[in-house]
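# A look at the structure
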Amino acid sequence: MDAAHVDDDLVEVLFTEKQIHDRLGELAADIERDYDGKDLLIVGVLRGAVMVMADLARALGRHVEMDWMAVSSYGSGTKSSGVVRILKDLDTDISGRHVLIVDEVIDTGLTLSWLTSNLNSRNPASVEICTLLRKPEAQQMPVQARYVGWDIGEEFVVGYGLDYRENYRNLRDIGTLAPHVYS
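The text that follows walks through the structure, step by step, so that each part is easy to find. No experiment lies behind these values; they were computed from the predicted model shown. (Residues numbered from 1 in each chain as written. Predicted model: local features only at pLDDT ≥ 70, side-chain atom pairs only at ≥ 80, totals over all residues. Heavy atoms only, no water.)

### Considerations on the pairing of strand β3 (residues 65-72)
- Summarising the sheet, strand β2 (residues 40-46) and β3 pair through six bridges and their orientation is parallel. Across the sheet, residue Val43 finds its bridge partner in β3, namely Asp67. (Pairing = 2+ DSSP bridges. Helix = DSSP H or I, 4+ residues; strand = E, 2+ residues; numbered from the N terminus.)

Here it is as structure tokens:
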């Protein structure tokens, strides 16, 4: 879906599809360099990270294994509920593996802080985070992301996997959602 289809719902487009693909290519190059010669498992955080995970994996010039987890701290609103729930666990044993968590946004940090702790308890060789977006002012829990596409403000953003009530995920760009949509 193009931004023109939901123009009245957006305040502005922050990142175009091309900008996103270019930035993911840069992140993929960094990941390839850092994990050269290492067995890498990338773990996508469902559902928002589907677009990021797919395009990041395609940008990598090496074999990589993928798995998925689903955790939630949002419910149906625009703010974190503060309670993390695991909805789908990994199918892969990560003991001794290098794990790269791939997510679309770090907001409060609650979900990724919990997820990182959970995965580290499973004896991996390493656990790192790759996120397309990070909201530093919104963070309540410290989360160290090794790979970050962009830092943004606290505005509510949609598109490229990011949603509001399951809408806008298939928007090719990332834009700021107009307050009249969620007020």
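And the narrative resumes.
### Structural notes on helix α2 (residues 50-59)
- Turning to α2, its buried residues number three or more, namely Val52, Met53, Asp55, Leu56 and Ala57.
- Those residues of α2 that are buried are in contact with α1 (17-34), β2, β3, β5 (98-106) and β6 (126-134). (Buried < 20%, exposed > 50% of the residue type's maximum accessible area, 1.4 Å probe, protein only. Contact = heavy atoms within 4.5 Å.)

### Observations regarding the sheet that holds β6
- Across the sheet, six strands lie side by side as β4-β3-β2-β5-β6-β7; this open sheet has mixed pairing. Of all strands in the sheet, those bounded by a partner on one side alone are β4 (85-88) and β7 (147-151). Each strand axis lies, on average, 30 degrees off the axis of its neighbour in the sheet, ignoring direction.
- In this sheet, β6 lies alongside β5 in parallel orientation, the contact comprising eight bridges. Note on β6: the bridge partner recorded for Val105 is Leu133.
- In the packing of α1 onto the sheet, contacts are made with β2, β5, β6 and β7, and the angle to β7 comes to roughly 155 degrees.
- Running over the sheet, helix α3 (residues 110-120) touches β2, β3, β4, β5 and β6 and is turned about 170 degrees from β5. (Axes fitted to C-alpha atoms, helices over the stretch in contact; angles between N-to-C directions.)

### Digging into the sheet that holds strand β1 (residues 10-15)
- The three strands lie next to each other as β1-β9-β8, forming an open sheet whose pairing is antiparallel. A single partner strand is all that each edge strand has here, and the edge strands are β1 and β8 (157-158).
- Sheet topology places β8 next to strand β9 (residues 174-177); two bridges connect them, and they run antiparallel. Following the sheet pairing, Val157 is matched in β9 by Thr176.

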